[in-house]
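A closer look at the structure
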Amino acid sequence: MSSNWLTLFIDSFPKILIPGLTRTIPLTVISFSIAMVIAVLTAMAQYARIPILSQIIRFYIWVFRGTPLLVQLFIVFYGLPRVGILIDPFPAAVIVFSLNEGAYDSETVRAALESVPIGQMEAGYCVGMTYMQIMRRILLPQAMRTAFPSLSNSLIAMVKSTSLAANITVTEMFMTTQRIVARTYEPLLLYLEVGLIYLIFSTLLTFLQGWGEKRLGAYMEKEA
Amino acid sequence: MLLEVKNVKKHFKSLDVLKGIDLSIDTGEAAVILGPSGAGKTTLLRCMNFLETPDSGELIFEGQRYDMTHMSKKEIRNYHLQTAFVFQSFNLFLNKTALQNVTEGLIIARGLDKNQAEKKGLEALERVGLVTHKDHFPHQLSGGQQQRVAIARAIAADPKIIFFDEPTSALDPELTGEVLSVMRSLADDGMTMAIVTHEIEFARTVSNKIIFMENGVVVESGPTAKMFTNPDKERTAAFLKVTGK
Ligand SMILES: Nc1ncnc2c1ncn2[C@@H]1O[C@H](COP(=O)(O)OP(=O)(O)O)[C@@H](O)[C@H]1O
Ligand SMILES: [Mg+2]
């Protein structure tokens, strides 16, 4: 029995890991990158209190933070075809994960921007810099440093949430595992195994987070 | 006349902070603006640098007239490229080293190349005695050193005038001297400056002109020597503690 388990574990390891590398990781990396773009742009618009646009962004954040990710996935993948919008599983997952993550990260980045002492903006103006120059060179780098731990945490959370994409037929790690379970009837071993692979991914990211914080931290005060 | 403002008015809510300020500053002049706390000195400097938009006011800078309430972004930026501001709270860029604080505006706002900017930046740091601290971040510097970096940032771009808003008020008493002595040397070199300060002794010995403000109006202005010995207004005499008047 135990030697069977070991064989199964070893045989299935690459079978689960490969969709991890070809689906879970790309889904996470692509979605998180888009989410960052959304977060930074929307946070900047909110920070600048651009009339109407700020209201639209507040509405977007309200909707995406107030509804379950799983429901959002179902709406886009199973719901939208009803009105003629058909999206393949992977891009559908990317759209939902990006928008969902972007909504959360937008608030993180906005709060971080607002924590940057405003006097630096005025100093920037007085040396002749434009708003966007000050934003890009002075405020955003400091805000991103402040937001970094919290953004890394949401990245780690996102790696795990991508397992929900199994529900819209993305053959990522979890779905692959389910299929092996259906064939072998070894749920305990295989779900532990996929859990272990998620754990490895998260741990690697946690190390990266620590390294990143150290690199970014050069100008920050020790206690900050 | 390098710079003149006329009829600058500014209110916050129901409070009239500036009630029609006129003042002028000549090239090479070190003008000190004195007055009790709440007089509107900071608001005046902020209006003169477009960090606040006044309700009314005219600016005449190098002979060119501007309506202060309707300056375009471009006009303001162009003005900022010729002026500098030193804040009470330093306002250094916290993610930049001392040298980068000085070169940032030169490179980004003026388009100097990095080498030229660093050369100018080091010269400016040299003048405030902080070349040795060029790679320090603001949090690694004392308040006095941070303010000297802020002054280096101000002078690096060869401004036509530098505005100072209580540059030593946020400092521990033992650190004010180093900042004041840098400012004194700028005045000696003929730098045009408009300085808000409570350092009466500094004002008396460094400035050519005193502008005394109270309750949002200029009570009196004149040459430093006269203002300290024989001012026209009782209130000025009382504030400057001129005796025998
Ligand atoms: N942003 C603001 N909002 C409301 N009131 C302000 C603001 N800035 C200054 N004031 C008020 O204007 C008055 C003058 O302030 P200020 O210009 O800072 O005076 P000073 O620099 O001479 O001490 C004070 O009563 C102050 O409370
Ligand atoms: Mg003040």
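Just so we're clear, the structure is a prediction, and the values are computed from it rather than from any experiment. (Residues numbered from 1 in each chain as written. Chains lettered and ligands numbered in written order. Predicted model: local features only at pLDDT ≥ 70, side-chain atom pairs only at ≥ 80, totals over all residues. Heavy atoms only, no water.)

Across its full length, chain A holds eight helices and zero strands. When the elements of chain A are put in sequence order from the N terminus, they spell out α-α-α-α-α-α-α-α. Dimensions of chain A, computed from C-alpha atoms along their principal axes, come out at roughly 75 × 50 × 25 Å. Across the 224 residues of chain A, 45% fall into the buried class. Of the roughly 11,600 Å² of accessible surface on chain A, a fraction of 71% belongs to carbon and sulfur atoms. Here chain A contributes 16 positive and 13 negative side-chain charges, whose respective centroids are spaced 4 Å apart. (Helix = DSSP H or I, 4+ residues; strand = E, 2+ residues; numbered from the N terminus. Buried < 20%, exposed > 50% of the residue type's maximum accessible area, 1.4 Å probe, protein only. Areas by Shrake-Rupley, 256 points an atom, 1.4 Å probe, with all protein chains shown as cover. Lys, Arg positive; Asp, Glu negative; His and termini not counted. Charge placed at Lys NZ, Arg CZ, Asp CG, Glu CD.)

Within chain B, the regular secondary structure consists of nine helices and 10 strands. On C-alpha atoms alone, chain B measures out to a radius of gyration of 18 Å, which is about the 18 Å that the 2.2 N^0.38 rule sets for 245 residues. Per-residue burial for chain B yields a buried fraction of 57% across its 245 residues. For chain B, the proportion of contacts with a sequence separation of at least 24, taken over those separated by at least 6, is 62%. (Rg over C-alpha atoms; globule rule 2.2 N^0.38 Å. Contact = heavy atoms within 4.5 Å.)

Turning to the interface of chain B and chain A, a few remarks are in order. Taken together, the contact between chain B and chain A spans 22 residues of the former and 21 residues of the latter. Both faces considered, chain B and chain A share a buried interface measuring about 1,900 Å² in area, 63% of it formed by carbon and sulfur atoms. For the pair chain B and chain A, the interface holds two salt bridges. Across the pair Arg46(B) and Glu122(A) runs a salt bridge whose closest N-O atoms are separated by 2.8 Å. At the boundary of chain B and chain A, one finds nine residue pairs in polar contact (both at pLDDT 80 or more). When contributions to the side of chain B that touches chain A are tallied by element, the ones reaching two or more residues are helix H2 (73-80), strand E6 (83-86) and helix H3 (98-109) of chain B. (Buried area = accessible area lost by both parts, 1.4 Å probe. Salt bridge = Lys/Arg side-chain N within 4 Å of Asp/Glu carboxyl O. Polar contact = N/O pair within 3.5 Å; in protein donor to acceptor, adjacent residues only side chain to side chain.)

Further remarks concern the packing of helix H4 (residues 89-115) of chain A against helix H6 (residues 131-161) of chain A. Residues and elements named next belong to chain A. In contact at an axis separation of 8 Å, H4 and H6 are set at 140° when each is read in the N-to-C sense. Crossing geometry of H4 relative to H6 is assigned as right-handed. Within the contact between the two elements, H4 uses Phe97, Glu101, Asp105, Thr108, Val109, Ala112, Leu113 and Ser115 and H6 uses Met135, Leu139, Leu140, Ala143, Met144, Thr146, Ala147, Ser150, Leu151, Ser154, Met158 and Ser161. A per-class count over the contact of H4 with H6 returns 12 nonpolar, six polar and two charged. (Axes fitted to C-alpha atoms, helices over the stretch in contact; angles between N-to-C directions. Left-handed = near helix turned anticlockwise from the far one by under 90°. Nonpolar A, V, L, I, M, F, W, Y, C, P; charged D, E, K, R; others polar.)

Before going further, it helps to examine the pattern of salt bridges. All names here are of chain B. Per the counting criterion, the structure on display carries 20 salt bridges over all chains. Between Arg46 and Glu52 there is a salt bridge, with its nearest N and O atoms 3.1 Å apart. Where Asp189 meets Arg127, a salt bridge forms, and the shortest distance between an N and an O atom there is 2.5 Å. Remark: Arg127 occurs in helix H4 (residues 114-127) and Asp189 occurs in the loop between helix H6 (173-188) and strand E8 (193-196); sequence separation between them is 62 residues. Its relative accessible area of 39% is what places Arg127 among the partly exposed residues.

All names here are of chain B. Close to ligand 1 lie Phe12, Leu15, Val17, Pro36, Ser37, Gly38, Ala39, Gly40, Lys41, Thr42 and Thr43. Taking Gly38, its main chain carries an N or O atom lying 2.7 Å from an oxygen atom of ligand 1. Here an oxygen atom of ligand 1 and a side-chain polar atom of Thr42 are 2.7 Å apart. Elements supplying a minimum of two residues to the shell around ligand 1: strand E2 (15-25) and helix H1 (41-48). Broken down by element, the shell around ligand 1 gets its largest block of residues, three residues, from H1. (Near = heavy atom within 4 Å.)

Turning our eyes to something else, we now look at the sheet that holds strand E7 (residues 161-165) of chain B. Residue and element names in this part refer to chain B. Taken together, the six strands give an open sheet; going across it, the order is E6-E7-E8-E3-E9-E10, and neighbouring strands pair in mixed fashion. Since the sheet does not close on itself, it has two edges, and those belong to E6 and strand E10 (217-223), each with one partner. Strand-to-strand twist of the sheet, defined as the mean angle between neighbouring strand axes without regard to direction, takes the value 15°. Relative to E10, strand E9 (residues 209-214) runs antiparallel, the two sharing six bridges. Along E10, the bridge assignment pairs Met213 with Val218. (Pairing = 2+ DSSP bridges.)

By size, the foremost hydrophobic cluster in this structure holds 75 residues, and its most contacted members are Leu113(A), Leu139(A), Leu3(B), Leu23(B), Leu44(B), Leu59(B) and Phe163(B). The leading source of residues in this core is H6(A), at nine residues. Summarising the domain contributions, this core has at least three residues from each of domain 1 (3-82 + 161-243) and domain 2 (92-159) of chain B. Beyond its immediate stretch of four places on either side in the chain, Leu113(A) contacts Ala43(A), Met44(A), Tyr47(A), Met135(A), Leu139(A), Leu140(A) and Ala143(A). (Core = buried A, V, L, I, M, F, W, Y, C linked by side-chain atoms within 4.5 Å. Domains from an automatic or database assignment.)

This paragraph deals with the state of the cysteines. When the sulfur atoms of two cysteines share a covalent bond, that bond is a disulfide. Tallying each qualifying case throughout the model produces zero disulfides over all chains. The thiol of Cys126(A) is unpaired, and the distance to the nearest cysteine sulfur, on Cys47(B), comes to 12 Å. Owing to a relative accessible area of 0%, Cys47(B) belongs among the buried residues under this scheme. (Disulfide = S-S within 2.5 Å.)

Residue and element names in this part refer to chain B. Taken domain by domain, chain B comprises domain 1 (3-82 + 161-243) and domain 2 (92-159). Summarising the inter-unit geometry, the C-alpha centres of domain 1 and domain 2 are found 24 Å apart. On the domain 2 side, the residues contacting the 18 residues of domain 1 number 14 residues. In total, about 1,300 Å² of surface goes out of reach between domain 1 and domain 2, with carbon and sulfur atoms giving 64% of it. The interface formed by domain 1 and domain 2 holds five residue pairs in polar contact (both at pLDDT 80 or more) in total.

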